[in-house]
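# A structural walkthrough
What follows is the residue order along each chain.
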Amino acid sequence: MVPVLFILPGLILSAFIIIYPVWELIQTSLRKVTRFGKVTGLNDFANFEAVFSDTLFQEAAVRSVWWTLLVVGGTLICAAGIALILNEKFHGRAIARVIIMLPWSVSLSLLTVVWRWALNGETGYLNHLLEQLGIIDGPVVWLASGSTAFTVMILIGIIVSIPFTTTIFLGGLSSLPGDLYEAARMEGASHWHCFRTITVPMMQPYVNIAIVLNVIYVFNSFPIIWILTEGGPANSTDILVTYLYKIAFKYGKLGEASVVSLLMFVFLLAFAALYLRLVSKDPANA
Amino acid sequence: MPDRRRSLIYWIVLSPLLLINLFPFAVMISTALTPADEVVSGDTQWIPSRFAWENFVDMWQTVDFGTALMNSLVVGIVTTVLTIVVSVPAAYAMVRLDFKGKTAFQTFLLITQMFSPVVLVIGLFRLVVGIGALDSLIALSILYCCFHIAFAVWMLRSYFASIPAELEHAAWLEGASAFHAIRTVFVPMAAPAVAVTAIFTFIGAWNEYALALAILRSSEHYTLPLKIAALSSGRYQVEWHHVMAATFVATIPVAIVFMWLQRHMITGLSGGAVKG
């Protein structure tokens, strides 16, 4: 009896906030919901039709895919290089490490507020800095057009995802067996050869986990886009999460918002299953 | 000793990222110390003509910083206490006790960690509305607690596993009850791990934005991230020197604690799949 009592509170609480909301989402997605949140009768999948035929939804879905691909891809490439460097001994490594981990320590929403001010049209600090460095001639109004705004958002997304990913990679690198390298070196293998035949294959599980976790986090990432532009100008930077907030809390279309939520939930469920397979394959975790 | 040339090359390679990471902090500190008239004038300078320390005092009033700080503290503390109370026994059961469905419980926790509140936000919103707790800091804290359980149990589990069970068994042999053995042997050894987990939970609740945005409605209930974000997107002239001063105070203490503890984080985040 005792073990059950020990785990039961945690189990009930964490199960409840998954199961109840999902049930509620299914209910709401199938029904008519008034502006004031009153749920009435079934409406023959009208919410689904409305969502799928909304061009803003389609655009946001496509943008979500690009957002996730570019941020995760950029993060993995940068973090791999950084982890390889931080794994070596060099002067001032501890300081470099602290600065690289810095964005992780700050509330993403507050960091984005600072970026919003720094990106400020005419007189922002970013324009000031780039002019000082001679990179640009006149001020760039970063957030006024969708394409520059979205590019800036992707870069910020990459910067804030690097610390977590680098930490995973560093964990992996530190677990590589040193004697394997020594043996290879004795046989006359070059640095590059060692990297290709030992480091890359042995890091594979860590890379896989970094990909899956980052896809989940980045796909759900909300504050960067919401605080910089709320998906604007003219919805041109919306991804699914910001679209979801907009139709739910600005326009009060809870039925349609539930449909979007459910679609995202199914997508994430697939990735959670993938993650589970990766984790259970790891012998250290069996 | 690492050689100089290589160190220099590494620093040069890393420098773009280092600069980009430091840039927002420079902006925050510079603006927080710039006098109001210089901020408005639009003549951006890294070093203001004088340090306007009064920004911090004025900010407290204009931002109503004290209220938001109290709200954040309430949410952070309630979340942390609840999460620890629920997670410690669960983590203990996972490392010390054998029971049916242990693997299933473990798997379930991993899955819940994958669902950020954002994707369930409508359902959570309707749940909170349904029980008449919209705009309630306590309701928000309970939701935060639910979302932190998985992370806390995973982190605690990996620490608890490193505390040898033999010590408790030895206490039993000396006639101590199981409860007494836990209290005198296990608790003191587990305390540091509990403290670390508690701090991470607190910081998680302190920093959260998306769910708070959906649940909290009246600005006197806003937590710090909500308050500051709302001020920065105000309809009227944004008092950026005040906003940056507030951001500074809300950020720096938490950032320092986090940097100090950051090496412990990976265990919880990656569900034990990656050894940190």
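All residue numbers here refer to positions counted from 1 along the written sequence of the relevant chain. Ligands are numbered from 1 and chains lettered from A, in the order in which they are written. The model is predicted, so local features are restricted to residues of pLDDT at least 70 and side-chain atom pairs to those at 80 or more, both for listing and for counting; the totals for chains, interfaces and linings are taken over all residues. In computing side-chain values, all of the structure's heavy atoms are included and hydrogens and water are not.

Put simply, the rule is: UniProt positions are given in the numbering used here, feature names are shortened, and annotations may be inferred rather than shown by experiment.
As named in an unreviewed UniProt entry, chain B is Carbohydrate ABC transporter permease, taken from Martelella lutilitoris. For chain B, the Sequence similarities (unreviewed entry) comment in UniProt is given as "Belongs to the binding-protein-dependent transport system permease family." In the Subcellular location (unreviewed entry) part of its UniProt record, chain B is described as follows: "Cell membrane".

### Let's talk about the overall build of chain A
What counts, and what does not: For the purposes of this entry, the term helix denotes a DSSP run of H or I that reaches at least four residues, the term strand denotes a run of E that reaches at least two, and both are numbered from the N terminus. What sets the accessible areas is the Shrake-Rupley method with a 1.4 Å probe; for residues, cover comes only from the shown protein chains. In summary, the charge assignment counts Lys and Arg as positive and Asp and Glu as negative, without counting His or the chain termini. By convention, the point assigned to a charge is CZ for Arg, NZ for Lys, CD for Glu and CG for Asp.
Secondary structure summary: chain A contains 12 helices and two strands in total. Along chain A, from the amino end to the carboxyl end, the secondary structure elements read α-β-β-α-α-α-α-α-α-α-α-α-α-α. Principal axes of the C-alpha set define a box for chain A whose edges measure 75 × 70 × 35 Å. Of the roughly 12,900 Å² that chain A leaves accessible, carbon and sulfur atoms contribute 68%. For chain A, the separation between the mean place of its 16 positive charges and that of its 16 negative charges on side chains is 6 Å.

### Concerning the overall build of chain B
Operational definition: The contact definition used throughout considers only heavy atoms, calling two residues in contact when any of these lie within 4.5 Å.
Secondary structure assignment for chain B yields 13 helices and zero strands. If you list the helices and strands of chain B from N to C, you get α-α-α-α-α-α-α-α-α-α-α-α-α. Looking at chain B alone, contacts between residues at least 24 apart form 72% of all its contacts between residues at least 6 apart. Counting only carbon and sulfur atoms, one obtains 67% of the accessible surface of chain B, whose full area is about 12,200 Å². Side chains of chain B give 15 positive and 15 negative charges; the mean places of these two sets differ by 14 Å.

### So, empty space enclosed by the protein
Filter applied, for reference: Within this scheme a cavity is a closed region of a 1 Å grid, computed over the protein atoms alone, that accommodates a 1.4 Å probe without allowing it to escape, whereas a pocket is open but has protein on both sides within 12 Å along at least five of seven lines; lining residues each have an atom within 4 Å of a point. Grid points are joined across faces, edges and corners, and a volume is the space filled by probe spheres set on the points. Note on residue categories: nonpolar means Ala, Val, Leu, Ile, Met, Phe, Trp, Tyr, Cys or Pro, charged means Asp, Glu, Lys or Arg, and polar means any other residue, Gly included.
For the structure shown, the criterion picks out three cavities of 30 Å³ or more. For the second largest cavity, the calculated volume is near 130 Å³. Per-class residue counts for the lining of the second largest cavity are four nonpolar, six polar and two charged.

### Some details on the UniProt feature "transmembrane region" (unreviewed entry) in chain B
All names here are of chain B. Taking the numbering used here, the UniProt-annotated feature "transmembrane region" (unreviewed entry) corresponds to residues 7-29, 73-95, 107-131, 137-156, 185-206 and 240-261. The distance from the first to the last C-alpha atom of residues 7-29 is 29 Å, and the span holds 100% helix and 0% strand. Secondary structure content for residues 185-206 is 100% helix and 0% strand, and the end C-alpha separation is 33 Å.

### Section: the confidence of the model for chain B
Residue and element names in this part refer to chain B. For clarity, the cut-off: The pLDDT value tells you how sure the predictor is about a given residue, anywhere from 0 up to 100.
With 94% of its residues at a pLDDT of 70 or more, chain B shows a mean pLDDT of 89. Confidence scores differ between elements of chain B, with helix H13 (residues 265-269) showing the lowest mean pLDDT of 56 and helix H10 (residues 210-215) the highest of 96. Considering only residues more than four positions removed or in separate chains, one finds that residues 270-276, a stretch of pLDDT under 50, has 21 contacts. Scored by ipTM, the complex comes to 0.90, with pTM at 0.92.

### Things to note about the side chain of Glu208(B)
Residues and elements named next belong to chain B. Formally: Working definition: with a 1.4 Å probe on protein chains only, accessible area under 20% of the residue-type maximum means buried, over 50% means exposed, and in between means partly exposed. Any carboxyl oxygen of Asp or Glu that lies within 4 Å of a side-chain nitrogen of Lys or Arg is treated as forming a salt bridge with it. A 3.5 Å cut-off defines polar contacts: any pair of N or O atoms within that distance qualifies, except that in protein one atom must be a possible hydrogen donor and the other a possible acceptor, and neighbouring residues in sequence count only when both atoms are side-chain atoms.
Checked against the element boundaries, Glu208 lands in the loop between helix H9 (178-207) and H10. No salt bridge is formed by the buried Glu208. Its closest oppositely charged neighbour is Arg217, at 12 Å. Within polar-contact distance, the side chain of Glu208 engages the backbone nitrogen of Leu211 at 2.8 Å. Sequence-distant contacts of Glu208, that is, excluding residues within four places in its chain, are made with Tyr144 and Pro225.

### Quick word on a nonpolar patch on the surface
Stated formally: Excluding any residue in a salt bridge, patches collect residues exceeding 30% relative accessible area, merging like charges within 9 Å and nonpolar Val, Leu, Ile, Met, Phe, Trp and Tyr side chains within 5 Å.
On the surface, Val62(A), Val65(A), Trp66(A), Leu69(A) and Leu70(A) cluster together to form a nonpolar patch covering roughly 490 Å² of accessible area. Along the chain, Leu69(A) falls in helix H3 (residues 55-86).

### With respect to the packing of aromatic side chains
All names here are of chain A. Here is the rule we go by: Aromatic rings from Phe, Tyr and Trp, with only the six-membered ring used for Trp, were paired whenever their centres fell within 6.5 Å, and each pair was classed as stacked if the ring planes differed by under 30 degrees, edge-to-face if by over 60, and tilted otherwise.
Tallied over the entire structure, the rule returns 34 aromatic pairs over all chains. A centroid spacing of 5.7 Å and a plane angle of 25° characterise the contact between Trp192 and Phe195, whose relative ring orientation is stacked. With Trp192 and Phe195 both in helix H9 (residues 191-219) and three residues apart, this pair spans about one turn of that helix. Take Trp192: its relative accessible area is 54%, and that puts it in the exposed class. By relative accessible area, which is 27% here, Phe195 ends up partly exposed.

### Looking at the pattern of salt bridges
In this structure the tally under the stated criterion is eight salt bridges over all chains. Note that Glu88(A) and Arg6(B) form a salt bridge whose closest N and O atoms lie 4.0 Å from each other. With Glu88(A) in the loop between H3 and helix H4 (93-101) and Arg6(B) in helix H1 (residues 4-32), the pair connects residues from two separate chains. Arg6(B) is paired through a salt bridge with Asp3(B); the nearest N and O atoms lie 3.8 Å apart.

### Looking at the packing of helix H5 (residues 108-118) of chain A against H1(B)
To characterise two packed helices, one gives the angle between the axes of the helices and the distance between these axes. Which entries qualify depends on this criterion: Axes here refer to lines fitted to C-alpha atoms; in helices the fit is confined to the stretch in contact. Angles between the N-to-C directions go from 0 to 180 degrees. Angle categories are assigned with fixed cut-offs, so that under 35 degrees is roughly parallel, over 145 is roughly antiparallel, 65 to 115 is roughly perpendicular, and the rest are oblique.
For the pair H5(A) and H1(B), interaxial distance at closest approach is 10 Å and the crossing angle is 75°. Compared by their axis directions, H5(A) and H1(B) come out roughly perpendicular. The segment H5(A) lies against H1(B), with Leu111(A), Val114(A), Trp115(A), Trp117(A) and Ala118(A) engaging Ile20(B), Phe23(B), Pro24(B), Val27(B), Met28(B) and Thr31(B).

### Observations concerning the side chain of Ser116(B)
Within the fold, Ser116(B) resides in the loop between helix H5 (102-114) and helix H6 (121-130). Setting aside its immediate chain neighbours within four residues, Ser116(B) contacts Asn220(A) and Phe147(B).

### Considering the environment of Gly255(A)
With respect to the helices and strands, the residue Gly255(A) is situated in helix H12 (residues 254-281). Setting aside chain neighbours within four positions, we find Gly255(A) in contact with Thr28(A), Ser29(A), Val33(A) and Asn47(A).

### Details of the interface of chain A and chain B
To keep things clear, this is the line we draw: Using a 1.4 Å probe, buried area is obtained as the accessible area two parts lose upon being combined, added over both of them.
Contacts between chain A and chain B engage 93 residues on the former and 94 residues on the latter. When chain A packs against chain B, the two sides together hide about 8,500 Å² of surface, and 78% of this comes from carbon and sulfur. On the surface where chain A and chain B come into contact, there are two salt bridges. Across the chain A-chain B interface, the total number found is 17 residue pairs in polar contact (both at pLDDT 80 or more). Of the residues forming the side of chain A that touches chain B, the biggest block, 19 residues, is contributed by helix H1 (residues 2-30) of chain A. A per-class count over the side of chain A that touches chain B returns 70 nonpolar, 18 polar and five charged.

### Re the nonpolar core
Formally: What is meant by a nonpolar core is a set of buried Ala, Val, Leu, Ile, Met, Phe, Trp, Tyr and Cys residues, joined one to another through side-chain atoms within 4.5 Å.
If you look at the biggest cluster of nonpolar residues, it comprises 189 residues, and the most contacted ones within it are Trp67(A), Val260(A), Leu14(B), Leu120(B), Phe160(B) and Met244(B). Looking at this core, the element that brings in the most residues is helix H7 (residues 137-160) of chain B, giving 16 residues. Apart from the residues within four sequence positions on either side, Trp67(A) is in contact with Phe150(A), Met153(A), Ile154(A), Gly157(A), Val218(A), Ser221(A), Ile224(A), Ile225(A) and Ile239(A).

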